[in-house]
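Here is what each chain is made of, one letter per residue.
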Amino acid sequence: MRYYLAIDIGASSGRHIVGWLENGTIKTKEVFRFPNGVQEKDGHLVWDTEALVRYVKQGITQAKDEFPDIVSLSIDTWGVDYVLLKDDKEMYPVYAYRDSRTEAVIPSVHEKIAFSELYRHTGCQFQPFNTIYQLYDEKVNGRLDEATDLLMIPEYLMWKLCGVKAREYTNATTTGMVNALTGEFDKDILDALEYPRHLFPSLSQPGTVIGEYAGIKVVLCATHDTGSAVEGIPMEGNHPYISSGTWSLLGVKTPKPITGEDSMEANYSNEGGVGYNRYQKNIMGMWLVNELQRELCPEMKFPEIVKLAESSVCDIIVDANAPEFLAPKSMKEAFDNASGGRLTSLGDYFRCAYASLATSYQDALDELEGNTNQYYKKLYIVGGGAKNGFLNRLTEEATGKQVVALPIEATALGNLKIQMEVN
């Protein structure tokens, strides 16, 4: 039997999942799980990448103990974040995307190259944490001029395993600096912002074997977790999807990027897929309810929380994508302000959160259908949020679509699928 290892790391946890083919179906087993999370240090939000490296290696050892014949491994994570290297030494801190440091420099970036021009080149939606803005803060503070390499988080972790610095296409498209037509870093953008070109070499495609660790081949999957998740959806035909986790990634496969003004106004993004374009929008996800739970009722399990939300008659809807929900010191206070103080019970807060998410899905789907000039009957939902039957029902009611909820490890399945196609 040939076994493959997918290491899938999200903003709150990571997992090592071994997969193998059995009668034409991918079977999986989770062999290791570890915590992750943003930390506060010197007034900034950062990642503990040293801990991530330790956990990645620990999980590989555990996987090998149980499955000695692992052929290959790959790592996927969230997008936009990176590690700067200076002569093969990490430049700390490694900032997290939720840090607010980009707010001061975004106007400077747009003075050098207007967002409309950026969008025409890249088709990448505006997010204040896009790598392009994070790097301008690095430039202002002098760190960028010292850097010899820039690796996205999964690229960095695989470099720590096999010693090869690869730059993978799907994750690079989250930076806001990859040309939508050429699929390579856009030299006009780099030059306009005076970013050192040596930090942005040619990109490698998913499926590229880059090295070896402990006798296991290291392969590039679609290292942006949503890219792998879309590969892992057992979809009949082409329909919109939501990869539901901390964020909700809502989109559809298209043969080529859509970079017109309507797409820009709707803040849709074009990101790399495995042989196709992912036309999608990064909108709020389970972050809302996770933070409410952490603050208001950390002792309660989510099935109990969902029952409270279902029993509430609250009909208040807030803008789930409003900036005040991105990284508030108090999620309860953010909901209080947005609702005018009209939420009075635990059930009200959670029903408002779930209903507001469903409404945001409806709005995004309306934009997607208008911009693609297509009408879709189904909506596939994968990831952790797919397990929430109440949210799925609200989504079906709000969107008018048939919701196909697949509570599967779609990201890990996509990661494994790409490895299996190589081997």
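Described below are features of the structure shown in this document. Quantities reported herein were computed from a predicted structural model and do not represent experimental measurements.

Reading the values: the criteria
- Residues numbered from 1 in each chain as written.
- Predicted model: local features only at pLDDT ≥ 70, side-chain atom pairs only at ≥ 80, totals over all residues.
- Heavy atoms only, no water.
- Salt bridge = Lys/Arg side-chain N within 4 Å of Asp/Glu carboxyl O.
- Helix = DSSP H or I, 4+ residues; strand = E, 2+ residues; numbered from the N terminus.
- Buried < 20%, exposed > 50% of the residue type's maximum accessible area, 1.4 Å probe, protein only.
- Arc of directions from axis to C-beta.
- Contact = heavy atoms within 4.5 Å.
- Core = buried A, V, L, I, M, F, W, Y, C linked by side-chain atoms within 4.5 Å.
- Phe/Tyr/Trp six-rings, centres within 6.5 Å; stacked < 30°, edge-to-face > 60°.
- Lys NZ or Arg CZ within 6 Å of the ring centre and 35° of its normal.
- Pairing = 2+ DSSP bridges.

**What about the pattern of salt bridges?**
Item 1. Evaluation of the coordinates by the stated rule reveals 23 salt bridges.
Item 2. Glu310 serves as the salt-bridge partner of Arg393, at 3.2 Å between the closest nitrogen and oxygen. Within this pair, whereas Arg393 is found in helix α15 (residues 389-399), its partner Glu310 is found in helix α12 (residues 302-311), the two being separated by 83 residues in sequence.
Item 3. Look at Glu310 and you get partly exposed, because its relative accessible area is 35%.
Item 4. It is possible to trace a salt-bridge network through shared partners that takes in Asp99, Arg101, Asp137, Glu138 and Arg143.

**Structural notes on helix α3 (residues 115-122)**
Item 1. Residues Phe115, Leu118, Tyr119, His121 and Thr122 constitute the buried set of α3. Buried residues of α3 fall within an arc of 165° about the axis and therefore sit on the same side.
Item 2. Looking at the buried side of α3, the elements it contacts are α2 (106-112), α4 (131-140), α8 (187-192), α10 (261-266) and β15 (269-272).
Item 3. Of the residues flanking the end of α3, it is Gly123, one or two places downstream, whose phi is positive at about 65°.

**Observations regarding the nonpolar core**
Item 1. Formed by 122 residues in total, the largest nonpolar core has its most connected members in Tyr195, Phe335 and Tyr354.
Item 2. Element by element, the count of residues in this core is highest for helix α14 (residues 346-372), at 12 residues.
Item 3. Apart from residues lying up to four places away in sequence, Phe335 is in contact with Leu288, Leu292, Val318, Phe325, Leu343, Tyr349, Cys352 and Ala353.
Item 4. In this structure, Val230, Ile233, Met235 and Val382 belong to the second largest nonpolar core, which totals 11 residues.

**Section: the packing of aromatic side chains**
Item 1. According to the stated counting rule, one finds 20 aromatic pairs in the structure shown.
Item 2. Between Phe185 and Phe200 the ring centres are 5.1 Å apart and the planes differ by 65°, which places this aromatic pair in the edge-to-face class. Taken together, the residues Phe185 in the loop between α7 (169-172) and α8 and Phe200 in the loop between α8 and β11 (209-213) connect sequence positions 15 residues apart.
Item 3. Aromatic rings pair up to connect Trp47, Trp78, Tyr97, Phe129 and Trp247 into one cluster.
Item 4. We note Arg98 situated over the ring of Trp287; from NZ or CZ to the ring centre the distance is 3.7 Å.
Item 5. Above the ring of Tyr276, the side-chain terminus of Lys253 is found at 4.7 Å from the ring centroid.

**Side note on the pairing of strand β1 (residues 3-9)**
Item 1. Across the seven residues that make up β1, a large majority, seven, are buried.
Item 2. What you see with β1 is no split at all: Tyr3, Leu5, Ile7 and Ile9 on one side and Tyr4, Ala6 and Asp8 on the other are buried throughout.
Item 3. Bridge analysis of β1 against strand β6 (residues 70-76) gives six bridges, and the strand direction is parallel. Across the sheet, residue Leu5 finds its bridge partner in β6, namely Leu73.
Item 4. Here β1 runs beside strand β2 (residues 13-22); their pairing, made up of six bridges, is antiparallel. When the bridges of β2 are listed, Asp8 appears paired with Arg15.
Item 5. Taking the residues between adjacent antiparallel strands as the criterion, β1 and β2 are bridged by three residues.

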